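What the coordinates show
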Amino acid sequence: MTTELLFRDDAYLRSATARVLAVHERGIELDRTVFYPQGGGQMGDTGTLSRAGGEPIAIAATHKGDGPDTVLHVPAAGATLPAVGETLSLAIDWERRYALMRLHTALHVLSCVVVAPVTGGNIAPDKARLDFDIDMSLLDAAKIERETNALIARGVETETVWITDAELDARPELVKTMSVQPPRGAGRVRLLRIPGIDLQPCGGTHVRNIGEIGGIRVLKIRSEGRRNRRVEIALA
Ligand SMILES: [Zn+2]
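Presented here is a report on the structure given in the accompanying data block. In this text the structure is predicted, and so the values were computed from the model without any measurement.

Regarding helix α2 (residues 94–113)
Spanning 20 residues, α2 covers 29 Å between terminal C-alpha atoms, matching the ideal 28 Å at 1.5 Å per step. Buried residues dominate α2, accounting for 16 of its 20 residues.

Things to note about the nonpolar core
Core analysis: the largest hydrophobic core is formed by 49 residues, its most contacted members being L30, L49, L90, L110, F132, I213 and I233. It is α2 that contributes the most residues to this core, 9 residues altogether. Apart from residues no more than four positions distant in its own chain, I213 is found in contact with R102, T105, A106, V109, I152, V207 and L235. The next biggest cluster of nonpolar side chains, apart from the first, holds 7 residues, and it includes V161, L174, L191 and L199.

Topic: the sheet that holds strand β11 (residues 159–164)
Here we have 3 strands laid out as an open sheet, ordered β11-β12-β13, and antiparallel in their pairing. Here the strands that pair on one side only, and so sit at the sheet edges, are β11 and β13 (198–201). Taking each pair of neighbouring strands and ignoring which way they run, the sheet shows an average axis angle of 25°. For strand β12 (residues 188–194) and β13, the ladder comprises 4 bridges, and the chain directions are antiparallel. Bridge pairing in β13 places L192 opposite Q200. Here α2 sits on the sheet and contacts β12 and β13; the angle it forms with β13, its principal contact strand, is near 115°.

Points about helix α3 (residues 141–152)
Taking 1.5 Å of rise per residue, 12 residues should cover 16 Å, and α3 covers 16 Å from first to last C-alpha, within 8% of that figure. Every buried residue of α3 is listed here: I144, T148, L151 and I152. Taken around the axis of α3, the buried residues stretch over an arc of 100°, which confines them to a single face. Against the buried residues of α3 lie α2 and β14 (216–223).

Thoughts on the pairing of β14
Sheet topology note: the β14/strand β15 (residues 229–235) ladder contains 7 bridges and is antiparallel. Bridging from a neighbouring strand, I221 pairs with V231 of β15.

With respect to the side chain of E29
With respect to the helices, strands and loops of the structure, E29 is situated in strand β3 (residues 27–30). For the buried E29, no salt bridge is present, and the opposite-charge side chain at shortest range is R26, 6.7 Å distant. With residues near it in sequence (within four places) discarded, E29 still touches M1, R19, V20, L21, A22, H24, V71 and L72.

What about the coordination of the zinc ion?
All of the protein donors around the zinc ion are H104 (NE2), H108 (NE2), C202 (SG) and H206 (NE2); their distances to the metal are 2.0 to 2.1 Å. The coordination sphere of the zinc ion comprises 4 donor atoms, whose angles at the metal cover 102 to 123°; the geometry is tetrahedral. Between consecutive donor residues of the zinc ion, the sequence gaps follow H-x3-H-x93-C-x3-H. Of this pair, H104 and H108 both sit in helix α2, 4 residues apart, roughly one helical turn. Each member of the pair H104 and H108 is classed as buried.

Topic: the packing of aromatic side chains
Counted under the stated rule, the structure contains 4 aromatic pairs. Ring centres of F7 and Y36 lie 5.3 Å apart, and the angle between their planes is 75°; this geometry places the pair in the edge-to-face category. Note that F7 is positioned in helix α1 (residues 6–9) and Y36 in the loop between β4 (32–33) and β5 (47–50), a separation of 29 residues in sequence. Judged by its relative accessible area of 5%, Y36 falls in the buried class.

Points about the sheet that holds strand β10 (residues 128–132)
Taking strand neighbours across the sheet as the criterion, the 4 strands line up as β9-β10-β15-β14 in an open arrangement whose pairing is antiparallel. The sheet terminates laterally at β9 (118–123) and β14, the two strands that pair on one side only. Geometrically, the sheet is characterised by an average inter-axis angle of 15° between neighbouring strands, direction not taken into account.

Some thoughts on the environment of V218
Following the sequence through the fold, V218 ends up in strand β14. It is 31 Å that separates the C-alpha atoms of V218 and R171, two residues lying 47 residues apart in sequence.

Structural notes on the pattern of salt bridges
Under the criterion given, the structure shown has 13 salt bridges. The shortest N-O distance in the salt bridge between R32 and E4 comes to 3.8 Å. One end of the pair, R32, is in strand β4; the other, E4, is in strand β1 (residues 4–5), with 28 residues separating them in the sequence. For R32, a relative accessible area of 26% corresponds to the partly exposed category.

Quick notes on the rules
Residues numbered from 1 in each chain as written. Predicted model: local features only at pLDDT ≥ 70, side-chain atom pairs only at ≥ 80, totals over all residues. Heavy atoms only, no water. Helix = DSSP H or I, 4+ residues; strand = E, 2+ residues; numbered from the N terminus. Expected span 1.5 Å × (residues − 1). Buried < 20%, exposed > 50% of the residue type's maximum accessible area, 1.4 Å probe, protein only. Core = buried A, V, L, I, M, F, W, Y, C linked by side-chain atoms within 4.5 Å. Contact = heavy atoms within 4.5 Å. Pairing = 2+ DSSP bridges. Axes fitted to C-alpha atoms, helices over the stretch in contact; angles between N-to-C directions. Arc of directions from axis to C-beta. Lys, Arg positive; Asp, Glu negative; His and termini not counted. Salt bridge = Lys/Arg side-chain N within 4 Å of Asp/Glu carboxyl O. Donors = N, O, S within 2.8 Å, 3.2 Å for Na, K, Ca; no water. Tetrahedral: all angles 85-135°; square planar, octahedral: opposite > 155°, others 65-115°. Phe/Tyr/Trp six-rings, centres within 6.5 Å; stacked < 30°, edge-to-face > 60°.

What follows is the structure, given as structure tokens:
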């Protein structure tokens, strides 16, 4: 069942009310949500769904369902389950999500400092990484850190842009990530633009201004196979 994805228009929305559409062994489906489901390398949100009487239902993970725009809120073990039709108050674990947003946006900036095809990536609350198809000798941690932080210091506002599938097909250079093609079929693709720095398809949650990242440090750079050089970062 389709869920209205409130985070897509406003990544800063921490809470909302929603109605329960379905409850099954895979999770709780709602008519709208502020919970980002794991995808595009970004971990799903955790948080709480509160019942009318105030009873909390802890949400341990959020996943995508089978259809487009379906979200499965996975209750923690032992949590009470709501009934279909019930209205719940939603609240995400904001500190955790905001760290994910800052690190996610930092990877967009990093992908413009290390100019090479991206073969993979992951964003957790405490660290994030991108894998590049590049020669190891071209990766210098101190230089990457310095150049990424210099771009972050520009304090540029980010923008969300939508283009049609056809427009994206006409501009294949926008797709840096070889392993993850942007979702097709809905007729339009969401892009994140950081003016003067980056433009690429992305469905994740980002900060409004890259200055909010503050700065990053490179935790490690290592080889993960012939075509994978992994650059791992944390917030400074
Ligand atoms: Zn993104």
